[in-house]
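A closer look at the structure
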Amino acid sequence: MRIALIADSHLSARSPECVANWRVAARAVERLAPDLTVHLGDITLDGQTHAEELGFAARLVQQWPTTMRCVPGNHDLGDGSGETPLDDRLLGAYADAFGADRWALRAGDWLLMGINAQLLGSGSEQERAQWHWMEAQVSDASREHAHTALFLHRPVWRPPSDEPARPGRYVAGVAARRLLEGALQSTLRLVVSGHTHQYLDVTVRGVRHVWMPSSAFVLPDTMQTRAGEKLVGIGVLELGGEAAQFDLWCPDGMARHDLSTLPFFQTMTDGQKKTDPRGSV
């Protein structure tokens, strides 16, 4: 199975530069003709506070050249994961725009699961339901599918660093351990995430962790610590048998925008820039 990957597209009428890169990505994916595209969240620029952006982005998703499955990001749903209370209204608005916040697909020896990272660590009933659903999916598929690929917005694995962990950058510790050491442990082979606007590909204890860069923009080092490569692009994932082959692709015409130079960011007040959650990823 061939899967195209895109992350952190930040679509909005306020961000025409991001929309232009999205259209470049769409044309590239149309030429590639994969079986499926997975969007790893932050579909919108700020859909959690600008509700109209959910509809704007949903129309662009509907025009995408392949079937697309999405998982929510913090800019679509709010921070959620224990940093701020989970907003049921935003959960409903996301579902109306992009469909279910979790999903599962079977592809040969592989079970593909997309989950809502914004629930992890929230202590909510929705989080408990998602854990139950994940464990049931793995239990039902364990006899047929030897490998599991997990798709979510926030990275699960944190690179070793002397820098204190910033709230919201990674899946919270307890939830991360449960993903890696719980019911998924025996079959989990691949974790694909977005959120950081950086590219990283590393295997830890038999699990490959791929961070997808944004299709929209990078954050300068003055705003965000560098852990991987700061670039823009899309991904191509080939799953077959035991193999998972990944290629990063920056299509011709996709611009490597610097967030700090984009007009929508320049129009923010200084206070908004200081508290903007992109600076904490």
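Moving on to the overall build of the protein chain. A count of helical and extended segments in the protein chain gives 8 helices and 13 strands. Against the compact-globule benchmark of 19 Å for 281 residues, the protein chain has a radius of gyration of 17 Å, which places it among compact chains. With respect to the three principal axes, the spread of C-alpha positions in the protein chain is 55 × 40 × 40 Å. By the burial criterion, 56% of the 281 residues in the protein chain qualify as buried. The long-range fraction of contacts in the protein chain, counting pairs at least 24 apart against all pairs at least 6 apart in sequence, stands at 72%. Surface summary for the protein chain: the accessible area is close to 11,700 Å², and the carbon and sulfur share equals 49%. For the protein chain, the separation between the mean place of its 27 positive charges and that of its 34 negative charges on side chains is 2 Å.

One finds Trp-22, Ile-43, Trp-64 and Phe-98 to be the most contacted residues of the largest nonpolar core, which totals 30 residues. Put simply, the parts of the chain that give this core at least two residues each are β1 (2-6), α1 (16-32), α2 (52-62), β3 (68-70) and α4 (88-98). With 7 residues, the single largest contributor to this core is α1. In this structure Ile-43 touches Ser-9, His-10, Leu-11, Ala-57, Val-61, Cys-70, Val-71, Asp-76, Tyr-94 and Phe-98, once residues within four positions along its chain are discounted. Among the nonpolar cores identified, the runner-up in size contains 22 residues, and Leu-5, Leu-36, Leu-40 and Val-71 belong to it.

On to the pairing of strand β5 (residues 110-114). In the case of a regular strand, side chains alternate between the two sheet surfaces. For β5, the tally of buried residues reaches 5 of 5 residues, placing the bulk of the element in the interior. Residue alternation in β5 divides its side chains into two sets, Trp-110, Leu-112 and Gly-114 and Leu-111 and Met-113, and both sets are buried. One ladder, built from 5 bridges, connects strand β4 (residues 103-107) with β5; its direction is antiparallel. Within β5, the position partnered with Arg-106 by the bridge is Leu-111. Linking two consecutive strands that pair antiparallel, namely β4 and β5, is a turn of 2 residues; a positive phi of about 60° is found at Gly-108 within it.

Turning next to the packing of α1 against α2. One way to put it is that α1 packs onto α2 with a least axis distance of 11 Å and a crossing angle of 15°. Judged by the inter-axis angle, α1 sits roughly parallel to α2. Note that α1 runs across α2; the crossing there is right-handed. Together, Val-19, Trp-22 and Arg-23 of α1 and Phe-56, Leu-60 and Val-61 of α2 make up the contact between the two elements. Along the lines of polarity and charge, the residues of the contact of α1 with α2 split into 5 nonpolar, no polar and 1 charged.

The contact between α2 and α4 brings their axes to 9 Å, and the two run at 25°. Here α4 runs roughly parallel to α2, going by the angle between their axes. At the point where α2 passes α4, the crossing takes the right-handed sense. Contacts between α2 and α4 involve Leu-54, Ala-57, Ala-58 and Val-61 on the former and, on the latter, Ala-93, Ala-97 and Phe-98. Residues that form the contact of α2 with α4 fall into these classes: 7 nonpolar, no polar and no charged.

Turning to unusual backbone geometry, a few remarks are in order. A positive phi is found at Asp-8, a non-glycine position, where the angle reads about 50°. By secondary structure assignment, the location of Asp-8 is in the loop between β1 and α1. Positive phi values are uncommon outside glycine, yet His-195 reaches one of about 80°. Examined against the element boundaries, His-195 turns out to sit in the loop between β7 (188-193) and β8 (200-204).

A separate point is the confidence of the model for the protein chain. In low-pLDDT regions, the fine details of the predicted coordinates are not to be read closely. Averaged over every residue, the pLDDT of the protein chain is 91; residues scoring 70 or more account for 91%. Contacts from residues 274-280, a stretch scored under 50 in pLDDT, to residues over four places away or in other chains number 19 contacts.

The subject of this paragraph is the packing of aromatic side chains. Scanning the model with the defined rule gives 6 aromatic pairs in all. Taking 6.0 Å as the distance between ring centres and 45° as the angle between the ring planes, the aromatic pair formed by Tyr-170 and Trp-211 counts as tilted. Here Trp-211 lies in strand β9 (residues 207-211) and Tyr-170 lies in the loop between β6 (147-152) and α6 (173-181), a separation of 41 residues in the sequence. Residue Tyr-170 is classed as buried on the basis of its relative accessible area of 14%.

Reading the values: rules and limits
- Residues numbered from 1 in each chain as written.
- Predicted model: local features only at pLDDT ≥ 70, side-chain atom pairs only at ≥ 80, totals over all residues.
- Heavy atoms only, no water.
- Helix = DSSP H or I, 4+ residues; strand = E, 2+ residues; numbered from the N terminus.
- Rg over C-alpha atoms; globule rule 2.2 N^0.38 Å.
- Buried < 20%, exposed > 50% of the residue type's maximum accessible area, 1.4 Å probe, protein only.
- Contact = heavy atoms within 4.5 Å.
- Areas by Shrake-Rupley, 256 points an atom, 1.4 Å probe, with all protein chains shown as cover.
- Lys, Arg positive; Asp, Glu negative; His and termini not counted.
- Charge placed at Lys NZ, Arg CZ, Asp CG, Glu CD.
- Core = buried A, V, L, I, M, F, W, Y, C linked by side-chain atoms within 4.5 Å.
- Pairing = 2+ DSSP bridges.
- Axes fitted to C-alpha atoms, helices over the stretch in contact; angles between N-to-C directions.
- Parallel < 35°, antiparallel > 145°, perpendicular 65-115°, else oblique.
- Left-handed = near helix turned anticlockwise from the far one by under 90°.
- Nonpolar A, V, L, I, M, F, W, Y, C, P; charged D, E, K, R; others polar.
- pLDDT = per-residue confidence, 0-100.
- Phe/Tyr/Trp six-rings, centres within 6.5 Å; stacked < 30°, edge-to-face > 60°.

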